[in-house]
Amino acid sequence: MARQPFVGQVISVSVDDAESLSDVDANAVFGGLFEQLQASGLGPSGQFWTTLRAGERGTVEVVWPTPTEVDDEWCGPQTFAGVLPARTELVATWRPAEGETLPDGPTHPAVVALFDAIAGRQIELRGMEVRQTVLGQSEEDYAVEVSVSVETR
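Small disclaimer: the values here were computed from a predicted structure and weren't measured.

**Side note on the pattern of salt bridges**
Summed over the entire model, instances satisfying the criterion amount to 5 salt bridges. Between arginine 3 and glutamate 69 there is a salt bridge; the shortest N-O distance is 2.2 Å. Here arginine 3, found in the segment before β1 (4-12), pairs with glutamate 69, found in the loop between β3 (59-65) and β4 (79-84); they are 66 residues apart in sequence, far enough to count as distant. Measuring nitrogen to oxygen at the nearest pair gives 3.2 Å for the salt bridge that ties arginine 131 to glutamate 129. By relative accessible area, arginine 131 is classed as buried at 5%. Salt bridges sharing partners connect three or more residues here, namely Arg87, Glu89, Glu129 and Arg131.

Structure (structure tokens):
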């Protein structure tokens, strides 16, 4: 994958009450960050993703790719900017079969497949972040893709 500048927004989720963050709340964060980027002429320049990484429990990061690097001065208190370096990624994709729904359980099937692939390759997980993207345009036609960087160039 090529080098990718981005801007993100932290969403805090109660560890004790994960259901307290609704889809409406999350969509408001997505939309607000999108509007900020548009108003500043910064894009976004592709599909957003969410990130989970080691660190503070109860936070998720919503990230939009940008065509150029963004200065830290642009960012607000919960907003951050960065660059994914050129890298090789390990990716797992889950697309439901016709009529299939997401299985019950705490871990998404794409994440299980990704961690199985990591274990099979004996990849070190320290400092690794998992990026998730939902591909598709409708509830009937979508896929969930999760990825990790396994090598930076």
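**Concerning the environment of aspartate 141**
Secondary-structure assignment places aspartate 141 in the loop between β6 (129-136) and β7 (142-152). As for aspartate 141 and glutamate 98, which are separated by 43 residues in sequence, their C-alpha atoms are 9.3 Å apart. If we skip the residues at most four places from it in the chain, aspartate 141 touches Arg95, Leu135 and Gly136. Looking at aspartate 141, its side chain comes within polar contact range of the side chain of arginine 95, at 3.3 Å.

**Here's the deal with the confidence of the model for the chain**
Confidence in the prediction of the chain, expressed as mean pLDDT, is 87, and 93% of residues score 70 or more. Confidence, expressed as mean pLDDT per element, reaches its minimum in the chain at strand β2 (residues 49-53) with 83 and its maximum at β4 with 95.

Rules and cut-offs
- Residues numbered from 1 in each chain as written.
- Predicted model: local features only at pLDDT ≥ 70, side-chain atom pairs only at ≥ 80, totals over all residues.
- Heavy atoms only, no water.
- Salt bridge = Lys/Arg side-chain N within 4 Å of Asp/Glu carboxyl O.
- Helix = DSSP H or I, 4+ residues; strand = E, 2+ residues; numbered from the N terminus.
- Buried < 20%, exposed > 50% of the residue type's maximum accessible area, 1.4 Å probe, protein only.
- Contact = heavy atoms within 4.5 Å.
- Polar contact = N/O pair within 3.5 Å; in protein donor to acceptor, adjacent residues only side chain to side chain.
- pLDDT = per-residue confidence, 0-100.

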